[in-house]
Amino acid sequence: MKLIGMMDSPYVRRVAVSLALYGVEFESQPLSVFSTFEAFSQQNPVVKAPTLVLDDGTALMDSTLILHYFESLADPAHKMLPQPPQALAEDLRLLGLILAASEKAVQHVYEHHLRPAEKQHQPWTERVTRQLLAACREWDRTLEKRQRHEKVDQVAISSTVVWTFIQQMLPEVVAATEFPAIQRLGDRFESHAAFKRYPYA
Ligand SMILES: N[C@@H](CCC(=O)N[C@@H](CS)C(=O)NCC(=O)O)C(=O)O
């Protein structure tokens, strides 16, 4: 099994850390969707990271869909989402906020790093920033009230990798001091072995 994509992507990293915790062996192929576009397209012509190529050659895309596959295969002791409907709905709501923050952060980065300065559109940046901060506020508030912090579950993984990405790329847009609950969780889990095995890079 091959996981294609670089660990500077929160989506690739959430898959890598999750697979390590599920106990699934895979080979990491750190191809860039930008600097190695052609090589990436040989593995997946759509050039989306992460791409996970299963042993039978099936190529899966989208971190949430890839994780859905492995969550459904995992035995109860290794599942990373709760089973009771109410707890599941709570975690999916929180993951929605975290993934929205991630998407808005990526859009912000692309707008500033890929577009020439004269083509950047300020109203778009303002809209994306507002959405990003709204998602972070609700994410932080929800974590503050959340009881289940002891386990490395999908909320812990996604929260940690997305927060590290945001703090690496946009620290001036999303001030860490304003989101203490997210920061605390990130500090705690970045020192965990599975996160250290696949560091942000
Ligand atoms: N919803 C997707 C988002 C994946 C995504 O946007 N990945 C970026 C890298 S961080 C990518 O492939 N960018 C290249 C492109 O969209 O053309 C997921 O969860 O996997």
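The structure this text deals with has already been given above.
Analysis parameters
Here, residues in each chain are numbered from 1, in the same order as that chain's written sequence. In keeping with the model being predicted, local features are shown solely for residues with a pLDDT of at least 70 and side-chain atom pairs are shown and tallied solely at 80 or more, while totals for entire chains, interfaces and linings include all residues. Water and hydrogen atoms play no part in the side-chain values, which are based on all heavy atoms of the structure. Helix axes use the C-alpha atoms of the stretch in contact, all axes being lines fitted to C-alpha atoms, and the angles between their N-to-C directions lie in the range 0 to 180 degrees. A run of H or I in DSSP counts as a helix once it spans at least four residues, and a run of E counts as a strand once it spans at least two, with each numbered from the N terminus. Note on angle classes: values under 35 degrees are labelled roughly parallel, values over 145 roughly antiparallel, values of 65 to 115 roughly perpendicular, and the remainder oblique. Helix crossings are classified by the rotation of the near helix relative to the far one: an anticlockwise turn of less than a right angle makes the crossing left-handed, while a clockwise turn makes it right-handed. Classification convention: Asp, Glu, Lys, Arg as charged; Ala, Val, Leu, Ile, Met, Phe, Trp, Tyr, Cys, Pro as nonpolar; all other residues, Gly among them, as polar. Residue proximity to a molecule or strand is established when one non-hydrogen atom of the residue lies within 4 Å of it. Whenever a nitrogen or oxygen atom comes within 3.5 Å of another N or O atom, the pair is scored as a polar contact, on the condition that within protein one atom can donate a hydrogen and the other can accept it, and that pairs from neighbouring residues in sequence are kept only if both atoms are in side chains. Calculation of accessible area relied on Shrake-Rupley with a 1.4 Å probe; when residues are assessed, cover is drawn exclusively from the protein chains displayed. Pairing of aromatic rings covers Phe, Tyr and Trp, the last through its six-membered ring, and needs centres within 6.5 Å; plane angles under 30 degrees mean stacked, over 60 mean edge-to-face, and all others mean tilted. Burial classes: relative accessible area under 20% of the type maximum marks a residue as buried, over 50% as exposed, and values in between as partly exposed (1.4 Å probe, protein chains only). Strand pairing is assigned whenever DSSP identifies at least 2 bridges connecting the two strands. Any two residues whose heavy atoms approach within 4.5 Å at even a single point are treated as in contact.

### Focus: the packing of helix α4 (residues 85–113) against helix α5 (residues 122–145)
Interhelical geometry of α4 versus α5 gives an angle of 150 degrees and a closest axis separation of 8 Å. Relative to α5, the element α4 lies roughly antiparallel. Crossing hand, α4 versus α5: left-handed. For the contact of α4 with α5, the per-class residue count stands at 12 nonpolar, 7 polar and 5 charged.

### Here's the deal with the site of the ligand
In the region of the ligand, the neighbouring residues are S9, Y11, V33, K48, A49, P50, D62, S63 and Y110. At a separation of 2.7 Å, a nitrogen atom of the ligand approaches a polar backbone atom of A49. Between the ligand and D62, the relevant distance is 3.1 Å, taken from a nitrogen atom to a side-chain nitrogen or oxygen of the residue. Considering the ligand on its own, with 500 Å² of exposed area, one finds that the protein chains cover 74% of that surface. Class assignment of the residues belonging to the shell around the ligand gives a composition of 5 nonpolar, 2 polar and 2 charged.

### Focus: the packing of aromatic side chains
Two aromatic rings, taken as a pair, are described by how far apart their centres are and by the angle between their planes. Scanning all chains against the criterion turns up 6 aromatic pairs. Between W139 and W163 the ring centres are 5.8 Å apart and the planes differ by 90 degrees, which places this aromatic pair in the edge-to-face class. Taken together, the positions of W139 in helix α5 and W163 in helix α6 (residues 154–169) put the pair 24 residues apart, joining distant regions of the chain. This pair shows no difference in class: W139 is buried, exactly as W163 is. Feature note: the residues W139, W163 and F179 constitute an aromatic cluster, connected by ring pairs.

### Some remarks on the sheet that holds strand β2 (residues 27–29)
Strand pairing in a sheet is mediated by backbone hydrogen bonds. Such pairs are either parallel or antiparallel. With mixed pairing, the 4 strands of this open sheet are ordered in space as β2-β1-β3-β4. Taken across any chain shown, the strands that pair with only one partner, and hence form the sheet edges, are β2 and β4 (59–61). Sheet twist, expressed as the mean angle between neighbouring strand axes with direction ignored, is 20 degrees. Summarising the sheet, strand β3 (residues 51–53) and β4 pair through 3 bridges and their orientation is antiparallel. Each residue of the ladder has a partner; that of T51, found in β4, is M61. Across the sheet, helix α3 (residues 63–73) is in contact with β3 and β4; its angle to β4 comes to roughly 120 degrees.

Limitation: the analysis is restricted to geometry and does not speak to function.
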